[in-house]
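Close look at the chain arrangement
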Amino acid sequence: PGAEPAGICLACSYECHGTHRLFELYTKRNFRCDCGNSKFKNLQCKLLPEKGKVNSGNKYNDNFYGLYCTCKRPYPDPEDEIPDEMIQCIVCEDWFHGRHLGAVPPESGDFHEMVCQACMKHCHFLWAYAPQLAVPPLTKANSLEDERIVLKVEESEEQKKEIKKESGVEHHDTKEEKQLEQFNEPSTSSGSACPEVVTKNEEPVCKLKELQSKPFVKKDTATFWPSNWRSKLCTCEDCLKMYSELEVQFLTDECDTVLAYENKGTSDQETERRDPLMDTLNSMNRVQQVELICEYNDLKTELTDYLRRFADEGTVVKREDIQHFFEEFQSRKRRRTNRMQYYCS
Ligand SMILES: [Zn+2]
Ligand SMILES: [Zn+2]
Ligand SMILES: [Zn+2]
Ligand SMILES: [Zn+2]
Ligand SMILES: [Zn+2]
């Protein structure tokens, strides 16, 4: 209390701040760990002792004091008895109560990302995209009639597809396309002529200007967006300039989403988990490989059997138990290898 706000990474939260009371902040883009820098007195980071005094790019908000939403309340809130989900705004990265967004959030499966009221004011251009992209579409007359029209369009497209399939036209089309692709292949890979033609054909059109010429509404509410909506935002020169002036360049970047971030984490973990064993195996000859795999399988079955006893008895596995297991395993292994040497000689 009373100190400057600071943010630390997950690794430092375990290594350097085990006894400190921390607020878990989830994702913050463009943020560097403050552990052990000038914000801390008498604390050195155990993982990276040498680091800059300040992280000038870091931005701090009320979340760093454990307060969230426009109502500036803690989470979980002991005084709040209304069950409500907290949703993170993808622009300011603050968390908001579903009931404090100025609009009722759609079912959580229906939308992918949310932009809060304040950030919709900041990113005013998003209102022009809302009638086409937002969930539900924000049009002037959100009446039943509109919905019926949308449904009709969807139906007729489906019907068209069915007709195509029945008459075999679609089949024919794809064949032709394939032939065309094959035909085009040599020319695309051989020269620089092709890209030039493409740029000549495509006149630079600003999607935003096009949308702004149509009617759209501005409200004082948060908005909700489906997956892949970011790639549909205009990336013309003028728009890119506007994004950077508003400091929201990340809005056109599909890799900036929490989903992309989490997927990256999972795939990184998978490669980390697999690599050491594969690297070791690759550096060995065949006999060594077989030995290693046998040994690994021995260890796996014995450890599983050992741990099953604890599970059956419902007792907690302690550090000593694991140490005991590996001591036993080592001595058994030694006995086995000794016996083998005896036979070999
Ligand atoms: Zn750290
Ligand atoms: Zn640290
Ligand atoms: Zn709130
Ligand atoms: Zn926001
Ligand atoms: Zn544009």
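Residue positions are given per chain, counting from 1 as you read along its sequence in written order. Lettering of chains starts at A and numbering of ligands starts at 1, both following the order in which they are written. Restriction of local features to residues with pLDDT of at least 70 applies here, the model being predicted, together with a cutoff of 80 or more for giving and counting side-chain atom pairs; totals for whole chains, interfaces and linings are based on all residues. To get the side-chain values, take all heavy atoms of the structure and skip hydrogens and water.

Identification of the chain as Putative E3 ubiquitin-protein ligase UBR7 from Zosterops lateralis melanops is taken from an unreviewed UniProt entry. UniProt positions are given in the numbering used here, feature names are shortened, and annotations may be inferred rather than shown by experiment. Under the heading Function (unreviewed entry), UniProt records this for the chain: "E3 ubiquitin-protein ligase which is a component of the N-end rule pathway. Recognizes and binds to proteins bearing specific N-terminal residues that are destabilizing according to the N-end rule, leading to their ubiquitination and subsequent degradation." Recorded in UniProt for the chain, the comment headed Pathway (unreviewed entry) runs: "Protein modification; protein ubiquitination."

As for the coordination of the zinc ion (ligand 4)
Think of the donor list as every N, O and S atom within 2.8 Å of the metal, or within 3.2 Å for Na, K and Ca; water never makes the list, so a site can look incomplete. Donor atoms from the polypeptide that bind the zinc ion (ligand 4) are C89 (SG), C92 (SG), C116 (SG) and C119 (SG), placed at 2.3 Å. Considering all four donor atoms around the zinc ion (ligand 4), the spread of angles at the metal, 103 to 119°, places the coordination shape in the tetrahedral class. In the primary sequence, the donor residues of the zinc ion (ligand 4) line up as C-x2-C-x23-C-x2-C. Here C89, found in the loop between β1 (86-88) and β2 (95-97), pairs with C119, found in helix α2 (residues 117-122); they are 30 residues apart in sequence, far enough to count as distant. Only protein chains enter the calculation, and the probe is 1.4 Å; a residue is then buried if its accessible area is under 20% of its type maximum, exposed if over 50%, and partly exposed in between. On the basis of relative accessible area, C119 is assigned to the buried category, the value being 8%. In these descriptions, tetrahedral denotes four donors with every angle between 85 and 135 degrees, square planar four donors and octahedral six donors with opposite donors over 155 degrees apart and the rest between 65 and 115, and irregular any other case. Secondary structure is summarised from DSSP: a helix means a run of H or I of at least four residues, a strand means a run of E of at least two, and numbering begins at the N terminus for each.

Points about the environment of L208
Tracing the backbone shows L208 in helix α7 (residues 207-212). Using a relative accessible area of 5% as the deciding quantity, one classes L208 as buried. The spatial distance from the C-alpha of L208 to the C-alpha of L233 is 7.7 Å, given a sequence separation of 25 residues. When checking whether two residues touch, look at their non-hydrogen atoms; a contact exists if any pair is within 4.5 Å. If we skip the residues at most four places from it in the chain, L208 touches F125, A128, Y129, C234, C239 and M242.

Brief notes about the environment of N55
Along the chain, N55 turns up in the loop between α1 (10-15) and β1. Classification of N55 by relative accessible area gives buried; the value is 13%. Sequence spacing of N55 and S38 is 17 residues, and the spatial spacing of their C-alpha atoms is 9.6 Å. For N55, the side chain forms a polar contact with the main-chain oxygen of C33, separated by 3.1 Å. Pairing of N or O atoms within 3.5 Å defines a polar contact, subject to two protein rules: one partner must be a possible hydrogen donor and the other a possible acceptor, and residues neighboring in sequence count only if both atoms are side-chain atoms.

Comments concerning the pattern of salt bridges
When a carboxyl oxygen of Asp or Glu is within 4 Å of a side-chain nitrogen of Lys or Arg, the pair counts as a salt bridge. Considering all chains together, one arrives at 13 salt bridges under this definition. D238 serves as the salt-bridge partner of K209, at 3.2 Å between the closest nitrogen and oxygen. With K209 in helix α7 and D238 in helix α8 (residues 237-245), this residue pair connects regions lying 29 residues apart in the sequence. Among the ionic contacts, a cluster of salt bridges with common partners joins R29, E113, R230 and D256.

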